Amino acid sequence: MAATSPGPRLAAKTSRIVALIRKEGRQVLRDPSSFAIGVVLPLMLILLFGYAMSLDVKHVPVAVVLEQPSSEASEVAAGFQLSPYFETRLTRSMAEAEELMLAQKVDGIVHLPADFARRAAQGDANIEVVVYGVDANRGRFIQAYAQAAIAQAGVRRAAEGRSDPTAGGQAVVESQLWFNAANDSRYFLVPGLVVLIMTLIGAFMTSMVVAREWERGTFEALFVTPVRTDEILIAKIVPYFLLGLGGLLLCLGSARLLFDVPIRGSILLLVAVSMLYLLVSVSMGLLISASLKGQFLSSQVALVVTFMPALMLSGFIYDLRGVPLAVRLISYLVPARYYVSLLQSLFLAGDVWSVIIPNAAVLAVFAAVLLALTRLTTRKSLG
Amino acid sequence: MLSSLLRIAALIRKELLAILKDARTRNMLLIQPVIQLLIFGYAATLDLSNIPYAAFDRDRSAASSALLAKLDGSSAFQRIANITDPDEMRRLIDSRRVVLVVQIAPDFQRRLSAGQNAAVQVVADGRNSTTAGAALGSVNAAVESFNVDWRRDHGLAPPPVRLSPRAWYNPNLETRWNLVPALVGTITMMSTLMLAALSVAREREEGTFDQLLVAPFNPAEIMVGKAIPAMMIGLTQSTTALLVAQLWFRIPFAGSYLTLYAGLVLFLLAAVGIGLFVSSISATMQQGMLYAFVTIMPFALLSGLTTPISSMPRVIQAFTLINPLRYAIDLVHRVYLEGLGLDRLWPDLWPMAIIATVTLTAAAWMFRNRIE
Amino acid sequence: MTAPVIVGRDLRKRFKQRAGGTLDALASVSLEIAAGGVSALVGPDGSGKSTLIRMIAGLLSADAGELTVLGIDVAKDPQAIQDRIGYMPQRFGLYEDLSVQENLDLYADLHGVSAAVRAQKYPRLMEMTALGPFTGRLAGRLSGGMKQKLGLACALVRSPELLLLDDPTAGVDPLSRRELWEIIAALVRDEGVPVLISTSYLDEAERCDHVVVMHRGAVLAQGRPDDIAQVAAGRTFRAAPRGEESPRKLQARLLADPTVTDAAPEGGRVRIVCTTAPGDAAFAGLALEPVPARFEDAFMILQRAADATRAKMSTGPAPALRAEQLSGGVKAEVVVEVRDLVKRFGEFVAVDRIGFEVRRGEIFGLLGPNGAGKTTTFRMLCGLLTATSGTLNVDGADLRRSRAQARRKLGYVAQKFSLYGQLSVAENLDFFASAYGLAGAARRRRIDWVMDEFALHPLAGVLGGHLAGGFKQRLAMAAALLHEPDILFLDEATSGADPVARREFWGRVNALADQGVTVIVTTHFMAEAEYCDRIAILDSGRVLAQGAPAEIRSHALTEGNPEPTMDDAFIAVVEQARAAALQGRAA
């Protein structure tokens, strides 16, 4: 024993790891389920998120009820008709408009009553805006837009000097949207997509492949060889880590080339934090499967513990600032949350160190703790 | 006929026993949906409160203070900094400490008093454009309210045109009212489809399917015996979810339960039909689970749950026509929030009926012809 | 004499059971395995064989006791042992989506076998295992026998200092078993590797140098098989049936006798192990011929003595498995008829124009190596597969086309346990009773009845999946008999069952046939063919030989082997047919 120098020992170790990685790689390519999770699902998600899903409000159907045409009323109606955000249907009566809304043909009604022009002249006009409240988000948008449109009409009138000079001025909001001037929801859906894919490959897939070895009894034969536990773990981490990086490149490529989402930070930094998150995600998968040892249960748990939180509790779709304290506290335990923060900044803002350093540090701690736990849970023992 | 019913009853009993006996599966099916509903019901909200913002008041006048007081007075905003130079503005937004910065020009009060319009510049963090959009909307509302007060206090006539907003079915436009009922459909579909997809695949993998085929069951009886327990569990889940929506989230139920359950049964038939079809083409549980996962994912994402269907490209909108969840979410909304009756729900009902018929028939055909 | 390779003292292992409670897998086991030759662990299911082997491999730690392997304390340094031994787990541990060569390379890499050694080792392994032509095939596509040989080859890529094989021959046909043993023998002869094997085949144990007989986590005996056989000395006999009585009827009659420990048909006669040296009166009318004691005889005596609680086989003269006797007079009636049956899967012909007839009350055996087409034929008979062409008639109906009602008449026990693992014994029986249309009092009565017969009452609440192998098999039989079928299909029903359970199983089958139930079985255990009235040997989808056991045995009759066993006959028939096929191709 003492005669063996560290050189050959290390060489033997390396060749064992390489052999296991080669085996894992072959399995990914041959097993249809690995292929489905590692390749088909990411592609599907990229397409869905890039093309199908959009939170942008455009061409919202609204009915404008013009009970009696007048220049004042038509001016307001034209404001809606010319806006790219709306698709306007003019109706004569409120009843007609309500019927349209009940049939889900329109999402909102702008009601200009018959006496609109007369009362506007008296300075006491009222526009009724009714929205279909089931889609609260959209309802709010229509209300806000109507408000802005009417305020603008006021501004215009003031500028044209048509209105009473004693009417006085008012405060007007001029807004700028930094990082996403065009207000394109893809700008934040695509970074979120990267998180989902990294989670899917890292945790979901890894949890299944390791549990499979327990279930099929292949670990039993593998254990009774000179292979060490750390070598088995390294050989499980590396392939899925690489696959995850492949997925990352795919996402970055499609973000740039297909979806025109900018990457304003440095690519190197982006890859670096992604590697950190992949490490976290892969070790979660390993930990889950090492403690459950069954494919079905592992994948279900991986779905509930990693994928769903990455979708719902990471701040990717729903901002965590609005949630109650208890849920927010839970969200601090979701690694995806920190990764989402990092990605949104690196994609859209640039190398903002005040975001990168704290979030990357938390991810590093997660990675270290989870890897250590995985190492402790995985044993070359069947007991 | 009677013997056939008895056999189906035996299958249903067995199926329910097998599913509910295992504590882990039972928790997965009955407790986990409630937890999901609670967490997501709270998490999935676009109704912002306490949006952190910074004030960059370069006027420091009574008017600017009054405007900021309006923002601070609304529960939507929380001022976390008063800044004095533009660099600080960039720093606060970059580091995500604030979502917006409200900048008031030095001549704000002077212009207002002179009867001119005065600009309020708002810079928002667009990394999450939904949040930014919602926050801007709230700023607009606050500024509007400031205008009304200002004019009243200075003896000016109120703005000539007022807006009286009104929202049907959801007076305060709360996202939760939209999302929680939609989750009732989504969560139910996920587990029902998965259960159905795994049920036959499991029997096939464990060899018990042969035992069923050798017994005097015919494929139709097996299908019915598999579909009903999955639907029963699905209905239990929806009921639990509905209870959470009403008793915990206090979202008022406007419609009739009979109508809602009639719609849900049709929806579950469609979900089970898809699940059984998936099951009939998968040889192992692993395959069944994967196929089900690959089916559920686009169905959930393209159902209108997270993003509205009308914002999707035309091609994708056409694809959503075969998605039963799309109809179910609409149906639950319409019954739960709007209180519509079956006569007005026809556009949601017939597509689900067609999906159910097609998938169940296909699954039955596959069972009969893919026994080998 | 060199130091023993394995020394265990007072080893204990207790497992928590999912249903609550604990199971003593090993209760104070001490053993010593010498450095040379082949040693075997034998015992029924759940006797602790696998636990012990895994412990020796360093995969499980003992709760108490000491275990030294190759001079290394297992508890202290399992890795040091794993670096030096070869191990094949029960399920072979192969990666099914890797090819034969890739599996071999993987294990060669893991064991650090150099290229030079590989160049010399691979051809030899390929020659030994005859896997040479299949190196590119995925392991998952190999037959059971080939998988097992590949598993062995993987354990042998680097010459191990000790080879552990956990039940390598379970579910493998006699040809493959014989080939495996030839490999093991060569290994011991040429390289002197000590081998420890666990098995449920007693004939395999008999040819080992050292045997450890286990029972419920304890060692009943250990030593040379010949020495252990002496336990049965003076108590073993052979007797020929007289007159019309068939050997299996005689066996059934003998087993009912309290002074008989064991009886099994063998070469047209019945081999008897007596509880004590027999008095003449006990076997009136039989000419007892003393025969030398075998290991198997001793094994049965040891097991029965150790397990007094184990129900004595319920094969009395009239076990009430059926409510009524089927009309016995029409025994000549053909119940199952198969003619020119063909089944193709794409290009592959799984069943090639086979034909046979089975009469009412007969036990008919389908025998053949893995992949011979037994299971395919079986599945067609039960209506689970459609025949490509040919005639198939089961009790006047083609089950594939017949209505559900026709299926009422048959019972089916599948190859592997195929009842609901998540349901309890009682729930399983309840479900199948209802499935066959039994209701109310009739259902309760039938369920009670089979639970009595199969001694399942104490296990009524246990989940099917948690039952030990033998009990799973009993439950499957019980479920198949609930509705009193006329025809019983048993597919590899005894595969993986221990010797004691197999004896019980055949006792029941015998009793059923006596009551007019037609039984069709497939089996890997050639000795079990002796229980059949007639058998057919299948290979490559064809019937090679058909007839009563004695006729089949005569195929292997040579001068050197005047009393061939069923194993000999089977191998002779298959090898003759394969040679003929080869010649045919050459010509």
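Because the structure is predicted, anything quoted here is derived from the model rather than measured.

What counts as what
Residues numbered from 1 in each chain as written. Chains lettered and ligands numbered in written order. Predicted model: local features only at pLDDT ≥ 70, side-chain atom pairs only at ≥ 80, totals over all residues. Heavy atoms only, no water. Helix = DSSP H or I, 4+ residues; strand = E, 2+ residues; numbered from the N terminus. Rg over C-alpha atoms; globule rule 2.2 N^0.38 Å. Buried < 20%, exposed > 50% of the residue type's maximum accessible area, 1.4 Å probe, protein only. Contact = heavy atoms within 4.5 Å. Areas by Shrake-Rupley, 256 points an atom, 1.4 Å probe, with all protein chains shown as cover. Pairing = 2+ DSSP bridges. 1 Å grid on protein atoms, 1.4 Å probe; cavity = no way out; pocket = protein on both sides within 12 Å on 5 of 7 lines; lining within 4 Å. Points joined across faces, edges and corners; volume = space filled by probe spheres on them. Domains from an automatic or database assignment. Salt bridge = Lys/Arg side-chain N within 4 Å of Asp/Glu carboxyl O. Polar contact = N/O pair within 3.5 Å; in protein donor to acceptor, adjacent residues only side chain to side chain. Nonpolar A, V, L, I, M, F, W, Y, C, P; charged D, E, K, R; others polar. Buried area = accessible area lost by both parts, 1.4 Å probe. Phe/Tyr/Trp six-rings, centres within 6.5 Å; stacked < 30°, edge-to-face > 60°. pLDDT = per-residue confidence, 0-100.

A few words on the overall build of chain A. Regarding its fold elements, chain A presents 14 helices and five strands. Computed over its C-alpha atoms, the radius of gyration of chain A comes to 29 Å, more than 25% above the 21 Å expected for a compact globule of 383 residues. With respect to the three principal axes, the spread of C-alpha positions in chain A is 105 × 40 × 40 Å. Among the 383 residues that make up chain A, the fraction classed as buried is 58%. The contacts of chain A with a sequence gap of at least 6 include a subset with a gap of at least 24, amounting to 77%. Carbon and sulfur atoms provide 64% of the accessible area of chain A, an area that totals close to 14600 Å².

Residue and element names in this part refer to chain C. In terms of residue burial, strand β17 (residues 363-367) counts as a mostly covered element, since five of its five residues are buried. Burial of β17 is two-sided: the residues Ile-363, Gly-365 and Leu-367 facing one way and the residues Phe-364 and Leu-366 facing the other way are all buried. Summarising the sheet, β17 and strand β22 (residues 534-539) pair through four bridges and their orientation is parallel. By the bridge assignment, Phe-364 is partnered in β22 with Arg-534.

All names here are of chain B. Under the criterion given, the structure shown has 11 cavities of 30 Å³ or more. In this model, the largest cavity occupies a volume close to 180 Å³. As for the largest cavity, its lining consists of 17 residues, and the residues nearest its centre are Glu-15, Ile-19, Ser-199, Arg-202 and Lys-226. Among the elements of the structure, α1 (2-21), α8 (175-206) and α10 (219-248) are those that each provide at least two residues to the lining of the largest cavity.

With that settled, the discussion passes to the domain arrangement of chain C. Residues and elements named next belong to chain C. Partitioning chain C into structural domains gives domain 1 (6-225), domain 2 (229-306) and domain 3 (329-583). At the junction of the two partners, domain 1 supplies 13 residues and domain 2 supplies eight residues. Applying the counting criterion to the domain 1 and domain 2 interface returns zero salt bridges. Remark: the boundary between domain 1 and domain 2 carries three residue pairs in polar contact (both at pLDDT 80 or more). Every element with two or more residues in the side of domain 1 that touches domain 2 is listed here: α7 (202-206), β9 (210-215) and β10 (218-223). With four residues, β9 is the single largest residue contributor to the side of domain 1 that touches domain 2. Grouping the amino acids of the side of domain 1 that touches domain 2 by side-chain chemistry returns 10 nonpolar, two polar and one charged.

Moving on, we get to the domain arrangement of chain A. Taken domain by domain, chain A consists of domain 1 (21-53 + 184-377) and domain 2 (60-167). Each of domain 1 of chain A and domain 2 of chain A has a C-alpha centre, and the two are 47 Å apart.

The next point concerns the environment of Glu-215 of chain A. The topology assignment puts Glu-215 of chain A in helix α7 (residues 186-216). With a relative accessible area of 37%, Glu-215 of chain A lands in the partly exposed category. Taking the C-alpha atoms as reference points, Glu-215 of chain A and Lys-293 of chain A, separated by 78 residues in sequence, lie 6.6 Å from one another. The residues touching Glu-215 of chain A, leaving out its near neighbours within four places in the chain, are Lys-293, Gly-294, Gln-295 and Phe-296 of chain A together with Arg-91 of chain C.

Residue and element names in this part refer to chain C. You can see Glu-244 is positioned in the loop between β11 (236-239) and α9 (247-255). On the basis of relative accessibility, which here comes to 82%, the residue Glu-244 falls in the exposed class. In this structure the C-alpha to C-alpha distance between Glu-244 and Pro-265, which are 21 residues apart in sequence, comes to 15 Å.

Bringing the interface of chain A and chain C into the picture now. With 29 residues of chain A at the interface, the matching set in chain C holds 26 residues. Summed over both sides, the interface between chain A and chain C buries roughly 2500 Å², with carbon and sulfur atoms accounting for 57% of that surface. Summed over the three residues of chain A that lose the most area to chain C, namely Arg-30, Glu-220 and Val-224 of chain A, the buried surface amounts to 24% of that side. If you look at where chain A meets chain C, you find five salt bridges. A salt bridge links Arg-22 of chain A to Asp-109 of chain C; the nearest nitrogen and oxygen atoms lie 3.4 Å apart. Applying the counting criterion to the chain A and chain C interface returns 12 residue pairs in polar contact (both at pLDDT 80 or more). Breaking the side of chain A that touches chain C down by element, the ones donating at least two residues are α1 (6-30), α7 and α8 (218-223) of chain A. Among the residues making up the side of chain A that touches chain C, the classes are represented as 10 nonpolar, seven polar and 12 charged.

What follows deals with the packing of aromatic side chains. A full pass over the atoms with the stated rule returns 32 aromatic pairs over all chains. Pairing Phe-253 of chain B with Tyr-257 of chain B gives two aromatic rings, centres 4.2 Å apart and planes at 10°, and the pair type is stacked. Among the residues examined, Tyr-257 of chain B registers a relative accessible area of 41% and is labelled partly exposed. On the basis of an interplanar angle of 85° and a centroid distance of 5.5 Å, the ring pair of Phe-378 of chain C and Phe-489 of chain C is categorised as edge-to-face. Of the two residues, Phe-378 of chain C is situated in helix α11 (residues 374-381) and Phe-489 of chain C in strand β20 (residues 487-491); the sequence distance between them amounts to 111 residues. The class for Phe-378 of chain C is buried, based on a relative accessible area of 0%. On the basis of relative accessible area, Phe-489 of chain C is assigned to the buried category, the value being 0%. A connected cluster of aromatic rings, assembled from ring pairs, spans Phe-80, Tyr-85, Phe-86, Phe-141 and Tyr-145 of chain A.

On average, residues of chain A score 84 in pLDDT, and 93% of them reach the 70 mark or higher. The lowest-confidence element of chain A is helix α6 (residues 136-160) of chain A, averaging 73 in pLDDT; the highest-confidence one is helix α14 (residues 353-377) of chain A, averaging 93.

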